[in-house]
Amino acid sequence: MSTFKSSTTIARGVGAALTLVMVHYFVTSDAIRSGNAFLVPDLALTVLVLVSVLLPGRFAVPGMIFAYGWATAVYSVSLATYTVRGDFADGANHIALILPSLVMAGLLLRKVAQRLDNRQHGRSEEHPDADPRIGARAAAGR
């Protein structure tokens, strides 16, 4: 399995876990109320993360990059809101949502950049360190 596919699989798993955490939050807390300023963003990002991990191959990675970026932003603003109110300790659990979202977005972006770089330089995705000229010489019988 290529590292790109394994990164995608890991990102899908993390997305599924984040979705479960958020569903648990909605079910067990008082989150679904009109006074919750983060209700709509939380619901939207939960649906977006879930949909992005269920997308087929070529659509999943850009979808997850967007979803994880948005999740990082929403969770960070929520943590900042707690901090400004002087309740950092109550909002510190957001760090457990922010870090995986940020790491997954970064991991997927890095893998996309590597894939693009490999294509630009004619390297195989399975063997990115291989010199493409060696394969051409071998194929030409030299």
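This one's a predicted model, so the numbers in the text were calculated from it and none came from an experiment.

(A) Expanded view of the nonpolar core. Counting residues in hydrophobic clusters, the biggest one holds 23 residues, and the most contacted among them are Ala 11, Met 64, Tyr 68, Tyr 75 and Leu 108. Of all elements in the fold, only α1 (3-28), α2 (39-54), α3 (57-84) and α5 (95-120) reach the threshold of two or more residues within this core. Among the elements that make up this core, the one with the highest residue count is α3 (nine residues).

(B) Seen up close, the pattern of salt bridges. For the structure shown, the criterion picks out two salt bridges. Put simply, Asp 30 and Arg 33 hold a salt bridge, and the shortest N to O gap is 3.4 Å. Here Arg 85 makes a salt bridge to Asp 87, at a shortest N to O gap of 3.7 Å.

(C) Local environment of α2. If you check α2, its first and last C-alpha atoms are 23 Å apart, about what 16 residues at 1.5 Å a residue would give, namely 22 Å. Residues Leu 39, Asp 42, Leu 45, Thr 46, Val 49, Ser 52 and Val 53 constitute the buried set of α2.

(D) Region of the structure containing the layout of surface pockets. As a volume, the largest pocket reaches approximately 510 Å³. The wall of the largest pocket is formed by 23 residues, among which Tyr 25, Asp 42, Ser 78, Tyr 82 and His 94 lie closest to the centre. Breaking the lining of the largest pocket down by element, the ones donating at least two residues are α1, α3 and α5. Element by element, the count of residues in the lining of the largest pocket is highest for α1, at five residues. The residue makeup of the lining of the largest pocket, split by class, is ten nonpolar, eight polar and five charged.

(E) Spatial organisation of the environment of Leu 79. Among the secondary structure elements, Leu 79 is positioned in helix α3. Residue class for Leu 79 comes out buried when judged on its relative accessible area of 12%. For Leu 79 and Ile 95, which are 16 residues apart along the polypeptide, the C-alpha to C-alpha distance reads 7.9 Å. For Leu 79, the contacting residues outside a window of four places in its chain are Phe 88, Gly 91, Ala 92, His 94, Ile 95 and Ile 98.

(F) Quick peek at a nonpolar patch on the surface. The grouping of Phe 88, Ile 95 and Leu 99 at the surface amounts to a nonpolar patch, some 260 Å² of accessible area in total. Positionally, Leu 99 belongs in helix α5.

(G) Fine view of α5. The end-to-end C-alpha separation of α5 is 37 Å, in line with the 38 Å expected for 26 residues at 1.5 Å each. Residues Leu 97, Ile 98, Ser 101, Met 104, Ala 105, Leu 108, Lys 111 and Asn 118 constitute the buried set of α5. Where α5 terminates, the next one or two residues include Gly 122, which has phi positive at roughly 70 degrees.

What counts and what doesn't
- Within any chain, residue numbers begin from 1 and follow the written order of that chain's sequence.
- pLDDT decides what is reported in this predicted model: residues at 70 or higher carry local features, side-chain atom pairs at 80 or more are listed and counted, and totals for whole chains, interfaces and linings draw on all residues regardless.
- Working from all heavy atoms in the structure, the side-chain values ignore hydrogens and water.
- Only buried residues count toward a nonpolar core, which is a set of Ala, Val, Leu, Ile, Met, Phe, Trp, Tyr and Cys residues joined through side-chain atoms within 4.5 Å.
- Each residue's exposure class comes from its accessible area (1.4 Å probe, protein chains only) as a fraction of the maximum for that residue type: buried when under 20%, exposed when over 50%, partly exposed otherwise.
- Counting from the N terminus, the helices are DSSP H or I runs at least four residues long and the strands are E runs at least two residues long.
- Salt bridges, as used here, are contacts in which a Lys or Arg side-chain nitrogen is within 4 Å of a carboxyl oxygen on Asp or Glu.
- One less than the number of residues in a helix, times 1.5 Å, gives the span that helix is expected to have.
- Here the term cavity refers to a set of points on a 1 Å grid, laid over the protein atoms alone, in which a 1.4 Å probe fits but cannot get out; the term pocket refers to an open set having protein on both sides within 12 Å along at least five of seven lines, with lining residues being those that place an atom within 4 Å of a point.
- Grid points are joined across faces, edges and corners, and a volume is the space filled by probe spheres set on the points.
- Charged means Asp, Glu, Lys or Arg here, nonpolar means Ala, Val, Leu, Ile, Met, Phe, Trp, Tyr, Cys or Pro, and polar covers whatever is left, Gly included.
- Only heavy atoms enter the contact rule, under which two residues are in contact if any of them lie within 4.5 Å.
- Only residues whose relative accessible area exceeds 30% and that form no salt bridge are eligible for patches; like-charged ones are grouped when within 9 Å, while nonpolar side chains (Val, Leu, Ile, Met, Phe, Trp, Tyr) are grouped when within 5 Å.
- Note on areas: these come from Shrake-Rupley sampling with a 1.4 Å probe, and a residue is covered only by the protein chains present in the view.

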